[in-house]
Amino acid sequence: MLLRLYKESFVTSWKKGGKVFALTFLLGICVVFFFIYIYLLVDAEGKKERIQLHNEHLSLAADTLINEWVGGMAQNVLFLAEETTSLTQNSPRLNLTLLRNLYFNFINHQQVLGQIRYISNAGQEMIRFNQTPAGVKEVTSEHLQDKSTRYYFKDAVDLKNGQLAISKLDLNIENNRVEIPIKPTLRISTPIFDIEGQRQGVLVVNFLVHDLLAKLDNLKRESQQQLWIVNQRFDWVLAPPDQMILGEQQGFHQDDLFAKYPELAKVLSIEHSPPSFWHEAGRLLYVHAIQLFDSPEVMQNAVMKNRSGMFYIICVMPDLPTWYTQLLHDERLKQWAVQLSILIFLFSLALGFYANKSASLQRHNLYQKKLFDNFFNRSPNGLFLCDQDGAIVFQNEAGHILMSELALNKVYTGLQFFHKSSRRILWQQLADGVLPDQNELTMMVNRRKRCFRVQCFLMSADVLEAPLLAVVFYEVTQLVEAQQKMKDSERQVRALLDSAPDAILLSDTNGNIYMANKKAQQLFDMTLDNFLNATIETLIPIEIRKHHAMLREKYAKNPQERVMSMGTDFKAQKANGATFDAEISLSPITIKGKQHVISIIRDITERKKLENDVRQSQKMDALGKLTGNLAHDFNNFLTTIIGNLDLSKLLLEQPELDKLKLEEKLNAAVSASEKASKLTRRLLTFARQQPVSENCVLLLSFLEEESRILAAASGKLVKFEICPRRFAWPIMVNRDELMTAMLNLLTNAKDAMPGGGSVFIDVENFMLEDKGFDVLGGEIPVGDYVILSVSDTGTGIETENLNSIFEPFFTTKPKNKGTGFGLAQVFSFMKQSKGFIKLYTEQGIGTTFQLFFPRDDSEECVKLMSGIPPETPTVSSSVIEVDDAFDPSQFSILVVDDDVGVRALAVEYLERAGYNVITAYSADTALSVLRKQSVDFMLTDVVMPEKNGFELASIVESEYPDVDIVFSSGFPKDILNQARLLKNKMILLDKPYRKSHLLSIVQSRLMLRKAASESNNKK
C-alpha cells in the first residue's frame, strides 16, 4: 500500500515541477553534446590524415632500407666473387688455402654473414665457414655435404660471370632440420670462372636477416605504431608480438592472419595491388608491396634469377577511439562538458522547484488521507470511533462487516458503547484514567462460535474537536480453538500413557523426574507428587545407586535408543524398600532444547522365575537323556565291585589266607565304588536347582572332569574326542549353564548322526587385534577370547533353517522327540556370559559351533591360574623367518570365499600389509579372474557352493602350477579328514584366524616360492 502511495506521489511531482526540470535539463545536455560531437568529428578527420601520412613515410623508409641492405649484400657477393676469381686465375690448380684465408677474413669482419661456401661443379662443398655465437668456425672435410640438389646451386650453375641468383627468404637448414635458434636467411650465389672462361665452382653466401629486421623495427616514429612484413606465402617475416617469424616452415600455419584481418588477406591475395589505406579490427593499416632488386639503381641487371618473391610492408596504427571515448579521456573537453552540465542542472532545478512548490501541500494532504484509510481498512480487527451518545462516527471495513453480522444475528450482549447506562460508567472510568479490563466475548455468529477480545480507550479533545471512544475488536477464535485442541491432546496422551502396561518415566540428564504414568505409580508404590520430587536414583537399591549415576552420566554424553533385550535387566526398588527384577528401554528426546530420556520399565520377576523353571527342566531333560547312556557305565562299575567282593569272599574261605591278593581285590572294588560315587555326585550337582552365579572356569580342566558325562551324551555310536591342548585362558561363566549348553550341543550332534559318526571338542586361545568380524547377533569386538568348538560329521543344517535354529520351541525333530529349547538355551547362555556364537555348516560334511568366551582377568581367575604356565597362541609350523627386504607390493593374492564378511576381513588384512588383492565369491569366479590376470598366491575357503575349495585347487594346480594355494575352513582337520577332503601336502588355516597368523603364512609361502625360483635360475 505504501509503495502504491509513493508511486502516485512521484507521478504527481513529475507532472508538476519534475516535468519542467527534466525537459529543461535534457534539452540543455543534448545541445552541449551535439556541439562536442561536431568538434570531435572534425578533429578525427585531421588525425586520420596525419596517421596515413606517418604510415606512408614508414612504408617508404622500410622499402628503401630493405633494398639498400639487399643491394649492399649483393655488392659484397660480387666483390668476394672477384677476389675468388683473381686467386684462382693466378695458379693452374685451385688453391684452397688462399680461399680459406680470404673467406675467413671476410666473414670474420661481416657479422651479418651467416655462412660462406665454395661448391665444386659437381655440387660437393669444398670450403664452408659458419658464423656461430663462439665465432667463425670452418667445417671439417668429413662434414662437408653434397649440395648438387639444392635450388640455389642449380640456379647459379646456369649464370654467367658477374650474375647473381637470389634465394627465397627462409630459415637456415642444417642436417635436414631447421637450425635452432632460428636464423632467417637470404642466400646469394654466383658462379666462379677461370682465365679460359671455364666455370670452376659456385660461391654461396648466406646473409642473416636479423640485423635488417632490427633496423626495420627501429624505423617506427610513434610509440603505438607497428611495422609488419608478410612474404608472398602469407608467412610473417616481421611479425606482431603474438606471432612467429616464418612459422609455416616450423609447422605453424598462420590461419589467424585471415581470421583477424579478412580485408588485409584480400589485399594480399591481389597481384600488383596498389598501396592501400583502411581501418580493420580496431587498427588503421597501410599496405605497400615491394620486390627485391626491382629498381634499376639496385643492380637489377646483375640479378638473373630472383626467388625472393613479393613482400608486403604493413604499417599499423591503433584506430581512433569513438567520440564519447575521446570525451572521457580529454580532460579539457570533459571539464568543459561538466561545467556546462552543472549550469544547466542548476537552471533546470530552479525552474522545477518553483513549478512543484504550489502542488506540494496538496500532495501531502492526499498522501496522509490515503495512508490513514489504508491503514485502518486493511486491519483484520474491527475498529470503531463513537461519540458520547454511542453513535459510530467511523468504522473500518472489518468493523462494518462485524456490525452487519451482529445485526443479522441480533447479538449486542456485552457491547458497552451501545447501552446508555454502561456507556456512562465506561466514559467515567476512561476520564478518571482507569483502564477497563479487556472483555472476552463468545458469540454464535452464522451458527459458528466466535470469540472476541474487546479493548476501549479514549481519544482526547486535544487532537479532535470532541473526545471520542475508540473500540477495538480482536478475533481470537483460532487461538481459543488451538488452546482447546492442545488441552484435548494432553488428555489423550495422558490417557494413553496411563493405559500402558509398562511403567513410563520422563526425566532429564540429571535424573530429575518430570512425568510418571499410573503403571509407574503402581509398580513403585509412589504418588505422582512423590515422583516429581524424586530422582531416578531413588528407584534403585542403595548399594548400586552410585554405579547407576555413573551409567546415567555416560548415557547423557552419548544418548541413543536402547530397546528391551538381553542385558537390559536390573534391580529396582519400591517406596517401601522392596526390590524386584526389571528390564528397561531408553529413548532420548529433546524438549525445549534440552535433552530428556523416556524410560519404559517392565517387572520381569515372574519371567525370571519361569526362566529358572525352564532351565531346571532342561537340566532334567538332559539328565534323563543321559540315564540310558550312563547305565552301561554303572553296570560296569557294579560288575567290578561285585566280582571283586565275590573273589575276596573265596579268598577268605581258603585255609591259607593270601593277604596280598585279598588287598588287591578289595582295592579294585573300592576304586570302582569311588568312580561311581564321583559320577553320581556330578549328576546330582548338575541336577539340583540353585541361583545362577558365575565362577572362574578353566575349560580344559572342565572338559577333563566332565568327559565321561559328555561322552555319554554323545551316544555309543558316536566317536567322542577332545583335542589335546596344554593351556587355555580362564573365563567367567556359570558352570552348570555351561554343562547344559554342552549337553544340548552334543545331543543335537548325536541326533544329526543317526548312523554314527564323530564329535570333536577343541579349545584354543584367540586374540582379535585389528577389527571385529561378523558373528551371530552382531560383531565381535577387539580383544582376547577362548574359543570352545563342538564339531560333528553329521548331515549339516539346511539353509532355510539357519535363521531359526536359536528360536525357542523351534525343532526339526518328530513330535514328542524334542522341546526346541536346546539351542535357544545355548544362545541365552552365551548372551548371559557376554560371549558370541559362530556357526559353520555344510550339508553332507557336518556342523561346527564355535563359542567365543571373553578372557577374564579377575582376582579369582588370577588365583586359579597361579602355578599354571601361560601360553601364547602359536602360528603354524610352516611359518619361517621373513626377510626385512620383503616387498608385499610385488605380489598379487586372490581371496576366494563365499562369506562376504570373512572375505572382506581377509582383504583388509592383506591390503594393509601392502599386497595387491583380488576377490572372488565362488570357484567359477576365481577361474575367470585367473584367465584374465596373473596371480602369485590363492587363499580359498574349503566349503563353497557348486565347487568346493579342493576341486578349485585341483584345476588351478593343473592349469596354473605357479600359483601357491592355502586353504581356510571353520571345520576342524579331523572332520575334513573323515570327509576325505584334506590331502597331506595341503596347508589349512583354521577359522577364525588372526591377522598375524594369516600374514605369517602368506609371507612365508611367498618367500619359499621366491627362494625356489632363485635356486632354479642359478641351476
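Just so we're clear, the structure is a prediction, and the values are computed from it rather than from any experiment. (Residues numbered from 1 in each chain as written. Predicted model: local features only at pLDDT ≥ 70, side-chain atom pairs only at ≥ 80, totals over all residues. Heavy atoms only, no water.)

### Points about the overall build of the chain
Each helix and strand in the chain was counted, giving 26 helices and 39 strands. When burial is assessed residue by residue, the chain has 43% of its 1019 residues classed as buried. Taking the contacts inside the chain whose residues are at least 6 apart along the sequence as the reference set, 63% of them involve residues at least 24 apart. When the accessible surface of the chain is summed, it comes to about 56700 Å², and 54% of that surface belongs to carbon and sulfur atoms. (Helix = DSSP H or I, 4+ residues; strand = E, 2+ residues; numbered from the N terminus. Buried < 20%, exposed > 50% of the residue type's maximum accessible area, 1.4 Å probe, protein only. Contact = heavy atoms within 4.5 Å. Areas by Shrake-Rupley, 256 points an atom, 1.4 Å probe, with all protein chains shown as cover.)

### Notes on the UniProt feature "modified residue: 4-aspartylphosphate" (unreviewed entry) in the chain
In the numbering used here, UniProt assigns the "modified residue: 4-aspartylphosphate" (unreviewed entry) feature to Asp941. Those residues within four positions of Asp941 in sequence are excluded, and the remaining contacts are Val896, Asp897, Asp898, Gly949, Ser968, Ser969 and Lys991. (UniProt positions renumbered as here; feature names shortened; annotations may be inferred.)

### A word on the pattern of salt bridges
Scanning all chains against the criterion turns up 22 salt bridges. Across the salt bridge formed by Glu125 and Arg128, the nearest N and O atoms sit 3.7 Å from each other. Across the pair Lys947 and Asp924 runs a salt bridge, and its minimum N-O distance is 2.9 Å. Of this pair, Lys947 sits in the loop between strand S37 (937-941) and helix H24 (949-959) while Asp924 sits in helix H23 (residues 923-932), and the two are 23 residues apart along the sequence. The exposure class of Asp924 is partly exposed, given its relative accessible area of 35%. Within this structure, Arg117, Glu125 and Arg128 form a network of salt bridges that share partners. (Salt bridge = Lys/Arg side-chain N within 4 Å of Asp/Glu carboxyl O.)

### So, the sheet that holds strand S34 (residues 846-854)
Pairing is mixed across the open sheet formed by five strands, whose spatial order is S27-S29-S32-S34-S33. The open sheet has two edge strands with one neighbour each: strand S27 (718-722) and strand S33 (836-842). On average, each strand axis in the sheet is tilted by 20 degrees relative to the strand beside it, whichever way the strands run. Looking at chain direction, S27 and strand S29 (residues 757-768) are connected through five bridges and run parallel. In the sheet register, Phe720 faces S29, and the bridge partner there is Val759. (Pairing = 2+ DSSP bridges. Axes fitted to C-alpha atoms, helices over the stretch in contact; angles between N-to-C directions.)

### Here's the deal with unusual backbone geometry
Pro181 follows Ile180 through a cis peptide bond whose omega is 0 degrees. Mapped onto the elements of the fold, Pro181 is located in the loop between strand S7 (177-178) and strand S8 (184-193). Of note, Lys592 is a non-glycine position whose phi angle comes to about 55 degrees, a positive value. Residue placement: Lys592 occurs in the loop between strand S24 (579-591) and strand S25 (594-603). Residues other than glycine seldom take positive phi values, yet Lys834 does so here, at roughly 60 degrees.

### A word on the packing of H23 against H24
Two numbers describe how H23 lies on H24: the axes approach to 10 Å, and their chain directions differ by 20 degrees. Judged by the angle between their axes, H23 and H24 are roughly parallel. Remark: the crossing between H23 and H24 carries right-handed chirality. Facing Ala923, Ala926, Leu927 and Leu930 of H23, the residues of H24 in contact are Leu952, Ile955 and Val956. Grouping the constituent residues of the contact of H23 with H24 by class yields seven nonpolar, no polar and no charged. (Parallel < 35°, antiparallel > 145°, perpendicular 65-115°, else oblique. Left-handed = near helix turned anticlockwise from the far one by under 90°. Nonpolar A, V, L, I, M, F, W, Y, C, P; charged D, E, K, R; others polar.)

### Let's talk about helix H22 (residues 900-912)
For H22, which comprises 13 residues, the first-to-last C-alpha distance of 18 Å matches the rise-based estimate of 18 Å (1.5 Å per residue) to within 8%. If you check which residues of H22 are buried, you get Val902, Arg903, Leu905, Ala906, Val907, Tyr909 and Leu910. With a side-chain oxygen lying 3.1 Å from the backbone nitrogen of Val902, the N-terminal cap of H22 falls on Asp899. Looking one or two places after H22, you find Gly914, whose phi comes out positive at around 105 degrees. (Expected span 1.5 Å × (residues − 1). Polar contact = N/O pair within 3.5 Å; in protein donor to acceptor, adjacent residues only side chain to side chain.)

### Points about the sheet that holds strand S36 (residues 916-920)
Adjacent strands of a sheet form backbone hydrogen bonds with each other and so pair up, either parallel or antiparallel. Read across the sheet, five strands follow the order S36-S35-S37-S38-S39 without closing on themselves; strand pairing throughout is parallel. Sheet topology places S36 and strand S39 (988-990) at the edges, where each strand pairs with a single neighbour. Along the sheet, successive strands turn relative to each other by an average axial angle of 25 degrees, direction set aside. Where S37 and strand S38 (residues 964-969) come together, five bridges link them in parallel fashion. In the strand pairing of S38, Asp941 is matched with Ser968. Where H24 meets the sheet, its contacts fall on strand S35 (892-896), S37 and S38, and the angle it forms with S38 comes to roughly 180 degrees.

### Here's the deal with the environment of Ser969
You can see Ser969 is positioned in strand S38. Separated by 72 residues in sequence, Ser969 and Asp897 place their C-alpha atoms 9.8 Å apart.

### Considering the packing of aromatic side chains
Overall, the coordinates contain 13 aromatic pairs when judged by the stated rule. Ring centres of Trp228 and Trp236 lie 5.6 Å apart, and the angle between their planes is 90 degrees; this geometry places the pair in the edge-to-face category. Each member of the pair, Trp228 as well as Trp236, is classed as buried. Between Phe766 and Phe852, the ring centres sit 6.1 Å apart and the planes meet at 75 degrees, which makes this aromatic pair edge-to-face. Here Phe852 lies in strand S34 and Phe766 lies in strand S29, a separation of 86 residues in the sequence. The burial state of Phe766 is the same as that of Phe852; both residues are buried. Here the aromatic cluster, defined as three or more aromatic residues joined through ring pairs, consists of Phe766, Tyr785, Phe836 and Phe852. (Phe/Tyr/Trp six-rings, centres within 6.5 Å; stacked < 30°, edge-to-face > 60°.)

### Some details on the nonpolar core
Ile66, Tyr103, Ile116, Phe207 and Leu216 are the most contacted members of the largest nonpolar core, which has 50 residues in total. In terms of residue count, helix H1 (residues 2-89) provides more of this core than any other element does, twelve residues in total. Phe727, Met753, Met767 and Leu788 belong to the second largest nonpolar core, which has 43 residues in total. (Core = buried A, V, L, I, M, F, W, Y, C linked by side-chain atoms within 4.5 Å.)

### Thoughts on the packing of helix H18 (residues 707-714) against helix H19 (residues 735-751)
It is at 8 Å that the axes of H18 and H19 come closest, and there the two elements cross at 30 degrees. Judged by the angle between their axes, H18 and H19 are roughly parallel. For H18 against H19, the interelement crossing comes out right-handed. Here Ile709, Leu710, Ala713 and Ser714 of H18 lie close against H19, whose contacting residues are Met739, Met742, Leu743, Leu746 and Lys750.

### Brief notes about the pairing of strand S22 (residues 513-516)
When strand S21 (residues 503-508) meets S22, the two strands line up antiparallel, connected through three bridges. From the neighbouring strand, Ser507 faces S22, where its bridge partner is Ile513. In this structure, the hairpin formed by S21 and S22 is closed by a connection of four residues, where Gly511 is found at a positive phi of approximately 95 degrees.

### Some words on the pairing of S36
Here S35 pairs with S36 via five bridges, running parallel. Note that in S36 the partner of Val896 across the bridge is Ala920. Running through H22, the crossover from S35 to the neighbouring parallel element S36 is right-handed. (Right-handed = clockwise from strand over helix to strand, strands pointing away.)

### Focus on the side chain of Asp194
Its place among the elements puts Asp194 in the loop between S8 and strand S9 (199-208). Summary of buried charges: Asp194 has no salt-bridge partner, and the nearest side chain of opposite charge, Arg199, is 10 Å away. Reaching out from Asp194, the side chain makes a polar contact with the backbone nitrogen of Gln198 at a distance of 2.6 Å. Aside from chain neighbours lying at most four places away, what touches Asp194 is Gln89 and Gln200. (Lys, Arg positive; Asp, Glu negative; His and termini not counted.)

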